[in-house]
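An overview of the molecular structure
Here is what each chain is made of, one letter per residue.
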Amino acid sequence: MMENFHLLTLLARKAQNMKRNLGIDLLRSLSILYIVGFWHLLDYTKAIPHYENIISYRITWIVLGTFVLISGYFLGGKNFSRNALFAFYKKRLIKIYPPYFVAVLFFSIFGLSDTITSLKAIFGVSMFVRPAPPTLWFITMLLFFYLITPIIVFLADQGIFRYLFSYIFLFCCLLGYEYLSKALFHYYYLDIRVAVYLAPFMVGVYMARNNIKKNRIKSILSMVGMAAFILSCYFNYESRGYNLLLSIPIITIFPLLMLLFFKQLNLTSLTAQRTIFFLSTASYFMYLFHRPFYIVIKKIYFPTDTVYQLIFLLIICLPIIIASSFFMQVAYNNVLKSLTNRYT
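Reading the values: rules and limits
- Residues numbered from 1 in each chain as written.
- Predicted model: local features only at pLDDT ≥ 70, side-chain atom pairs only at ≥ 80, totals over all residues.
- Heavy atoms only, no water.
- Helix = DSSP H or I, 4+ residues; strand = E, 2+ residues; numbered from the N terminus.
- Rg over C-alpha atoms; globule rule 2.2 N^0.38 Å.
- Contact = heavy atoms within 4.5 Å.
- Areas by Shrake-Rupley, 256 points an atom, 1.4 Å probe, with all protein chains shown as cover.
- Lys, Arg positive; Asp, Glu negative; His and termini not counted.
- Charge placed at Lys NZ, Arg CZ, Asp CG, Glu CD.
- Core = buried A, V, L, I, M, F, W, Y, C linked by side-chain atoms within 4.5 Å.
- Buried < 20%, exposed > 50% of the residue type's maximum accessible area, 1.4 Å probe, protein only.
- Salt bridge = Lys/Arg side-chain N within 4 Å of Asp/Glu carboxyl O.
- Expected span 1.5 Å × (residues − 1).
- Polar contact = N/O pair within 3.5 Å; in protein donor to acceptor, adjacent residues only side chain to side chain.
- Axes fitted to C-alpha atoms, helices over the stretch in contact; angles between N-to-C directions.
- Parallel < 35°, antiparallel > 145°, perpendicular 65-115°, else oblique.
- Nonpolar A, V, L, I, M, F, W, Y, C, P; charged D, E, K, R; others polar.

**As for the overall build of the protein**
- Summing up its helical and strand segments, the protein has 14 helices and 0 strands in all.
- For a compact globule of 344 residues, the expected C-alpha radius of gyration is about 20 Å, and the protein comes in at 20 Å, within 12% of that figure.
- For the protein, contacts bridging at least 24 residues in sequence account for 80% of all contacts bridging at least 6.
- Counting every atom, the protein has about 18400 Å² of accessible surface; 67% of that belongs to carbon and sulfur.
- One way to put it: in the protein the 31 positive side-chain charges average out to a point 13 Å from where the 10 negative ones average out.

Rendered as structure tokens:
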């Protein structure tokens, strides 16, 4: 136990030296915790029926948009020279792809994804030749965003109007591919979510590279965001794709407001820092492997009463998933460090 606290303390101090923003790390961790500990957790019990509704769907889209915007914000702070470009792709690939590859295999083993879908995910094309694996579609989409990040960063330095035009152009290209595939092959090949979440990603990149009068835009964004949320709920269609497209304003505005708020938090408590970095370190593996964890733990033991099921999932399953994910990420980091030291 003392070794674990020592490790968390070292992580917190290392992050301080790297000048990481604890508030943003907290926001990112809470976003993943919402998905793993609420939205997907309730798939494994009937304790709360009808939890999927007009409001909860949109809250979930906002939470996912928050993580995407934060990813764009972190990547937007990088500068891509010719020499740094290869290093960027190499680092992202090594850090993200091997655990993702293993997760795809586990999804196939546990029947969460069929063989063809898993192969498409492994090659990173499942967002453009749908369907994508459940849950893991999000990582597949982020891999595509990472691929185009240098272009987006370059465009972010060209001024707001050119950047806005670039977004509209990319968005139209994605929708064009969607409708062209329908016209030629009678099937919508594009997973529309990649077009939807392009907006928060590009906003995150732009926020990282440009000074914006934050206090001035907060009140405006709040009013526009609330109006957009109400309209999104009012114009609710049977097609989730249409609802997602109509929700682009709220998927972008609310994550931006939360980023501006959490970025200003001053978290000096060592206990708070330990907790944040524990969750932050665990977050990636927690997202990748929480469904296989839930399935395995349920097979070992699961109460019959729905109330006890919910309690069991929250106080037994979820802590096991978080702790296991933390140690898996630490172990993976150590493997990468060892390999780097050996071959450099």
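**Examining the nonpolar core**
- Ranked by internal contacts, the top residues of the largest apolar core, which has 104 residues, are Phe138, Ile139, Met141, Phe145, Tyr197 and Tyr294.
- Looking at which element gives the most residues to this core, the answer is helix H13 (residues 270-300), with 13 residues.
- The contact partners of Phe138, leaving out residues within four places of it in the chain, are Leu64, Phe67, Val68 and Tyr287.

**A closer look at the pattern of salt bridges**
- Within this structure, the stated rule accounts for 4 salt bridges.
- Close ionic contact of Asp25 with Arg28 constitutes a salt bridge, the shortest N to O distance being 2.9 Å. Placement of the pair is Asp25 and Arg28 together in helix H2 (residues 22-39), with a separation of 3 residues, close to one helical turn. There is no split in this pair, since Asp25 and Arg28 are both buried.

**Focus: the environment of Pro150**
- Tracing the chain through its elements places Pro150 in helix H6 (residues 137-156).
- Sequence separation of Pro150 and Leu42 is 108 residues, and the distance between their C-alpha atoms is 38 Å.
- With residues up to four places along the chain from it excluded, the contact list for Pro150 reads Phe80, Leu85, Phe88 and Tyr89.

**Let's talk about helix H3 (residues 54-76)**
- Look at H3: 33 Å from first C-alpha to last across 23 residues, which is about the 33 Å you get at 1.5 Å a residue.
- At the N-terminal boundary of H3, the capping side chain belongs to Asn53, with an oxygen 3.1 Å from the backbone nitrogen of Ile55.

**Focus: the environment of Phe326**
- By the secondary structure assignment, Phe326 is in helix H14 (residues 306-342).
- For the pair formed by Phe326 and Phe285, sequence separation is 41 residues and the distance between their alpha carbons is 7.4 Å.

**A look at the environment of Cys233**
- By secondary structure assignment, the location of Cys233 is in helix H10 (residues 214-234).
- With relative accessibility at 16%, the residue Cys233 sits in the buried group.
- A C-alpha to C-alpha distance of 31 Å links Cys233 and Tyr294, two positions 61 residues apart in sequence.
- The residues contacting Cys233, other than those within four sequence positions of it, are Ile54, Ile55 and Arg58.

**Some details on helix H5 (residues 115-122)**
- When we look at burial in H5, the residues that qualify are Thr117, Ser118, Lys120, Ala121 and Ile122.
- Capping the start of H5 is the job of one residue whose side-chain oxygen sits 3.1 Å from the backbone nitrogen of Ile116: Asp114.
- The positive-phi residue at the C-terminal boundary of H5 is Gly124, with phi of around 75°.

**So, the packing of helix H4 (residues 82-109) against H6**
- Interhelical geometry of H4 versus H6 gives an angle of 175° and a closest axis separation of 10 Å. As summarised for this structure, H4 and H6 are arranged roughly antiparallel, according to the angle between their axes. In contact with Leu85, Phe88, Tyr89, Arg92, Ile96, Tyr97 and Tyr100 of H4, H6 contributes Ile139, Thr140, Leu143, Tyr146, Leu147, Thr149 and Pro150.
- Grouping the amino acids of the contact of H4 with H6 by side-chain chemistry returns 11 nonpolar, 2 polar and 1 charged.

**So, unusual backbone geometry**
- With an omega of 10°, the peptide bond between Arg130 and Pro131 qualifies as cis.
- Topologically, Pro131 is positioned in the loop between H5 and H6.
- The phi dihedral of His50 is positive, around 60°, even though this residue is not glycine.
- Mapped onto the elements, His50 comes out in the loop between H2 and H3.
- The exposure class of His50 is exposed, given its relative accessible area of 73%.
- Residues other than glycine seldom take positive phi values, yet Thr135 does so here, at roughly 70°.
- One can find Thr135 in the loop between H5 and H6.

**What about the side chain of Ser247?**
- Relative to the elements of secondary structure, Ser247 occurs in the loop between helix H11 (240-246) and helix H12 (248-263).
- For Ser247, a relative accessible area of 0% translates into the label buried.
- Sequence-distant contacts of Ser247, defined by excluding residues within four places in its chain, comprise Arg58, Trp61 and Ser232.

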